[in-house]
Amino acid sequence: QTKIVLDKYQTVVCKDESGRFYYAKGDTELPESERGPGPDFFLPPYHSIVKQSWSTDLRKEHSTFEDVWLFDSRPAYMNYEFECRTLDNVTLIIDVTFFWAIIDVKAMVENTTDAPGDTCTHARSTIIQKIS
């Protein structure tokens, strides 16, 4: 069995034998009740690591993706591009760069399986509303 070792900024989501999620965090400054079994532990029998499939393509159309199981809470850059039309039928290609970080892994896992894709879809919707 492989030992899971987490850095201070990493979180792993695990599922127990009854299907309940629990969170293992690498931050040793957190109390054990918040940290879970981290920063280093073995996965108990009949438990599994929760994986998400995140879009990695520029247009976030899920044509290329990566399986993510180790959630990194450090700030990161993400690029996104999409086309839209103005009211006078002019086609625009919008290129957006996000500077983002995961603040709450639990809320993210409960609400999405593709955080980058959903973030970009929301941004696209907001931008289209403003330029249309």
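Structure first, text after, so check above.
Residues numbered from 1 in each chain as written. Predicted model: local features only at pLDDT ≥ 70, side-chain atom pairs only at ≥ 80, totals over all residues. Heavy atoms only, no water.

Regarding the pattern of salt bridges
Consideration 1: Scanning the model with the defined rule gives seven salt bridges in all.
Consideration 2: Across the pair D40 and K3 runs a salt bridge, and its minimum N-O distance is 3.4 Å. Note that D40 is positioned in strand 4 (residues 40–42) and K3 in strand 1 (residues 3–5), a separation of 37 residues in sequence.
Consideration 3: Using a relative accessible area of 38% as the deciding quantity, one classes D40 as partly exposed.
Consideration 4: For K106, the salt bridge goes to E110, with nearest N and O atoms at 3.9 Å. Here K106 pairs with E110, and both are found in helix 2 (residues 105–111), just four residues apart, close to one helical turn.
Consideration 5: According to the relative accessible area criterion, E110 is exposed, its value standing at 51%. (Salt bridge = Lys/Arg side-chain N within 4 Å of Asp/Glu carboxyl O. Helix = DSSP H or I, 4+ residues; strand = E, 2+ residues; numbered from the N terminus. Buried < 20%, exposed > 50% of the residue type's maximum accessible area, 1.4 Å probe, protein only.)

A closer look at the packing of aromatic side chains
Consideration 1: For the structure shown, the criterion picks out four aromatic pairs.
Consideration 2: Through a chain of ring-to-ring contacts, the aromatic side chains of W54, F71 and W100 assemble into a single cluster.
Consideration 3: Lying over the aromatic face of Y9, R74 brings its terminal NZ or CZ to 3.8 Å of the ring centre. (Phe/Tyr/Trp six-rings, centres within 6.5 Å; stacked < 30°, edge-to-face > 60°. Lys NZ or Arg CZ within 6 Å of the ring centre and 35° of its normal.)

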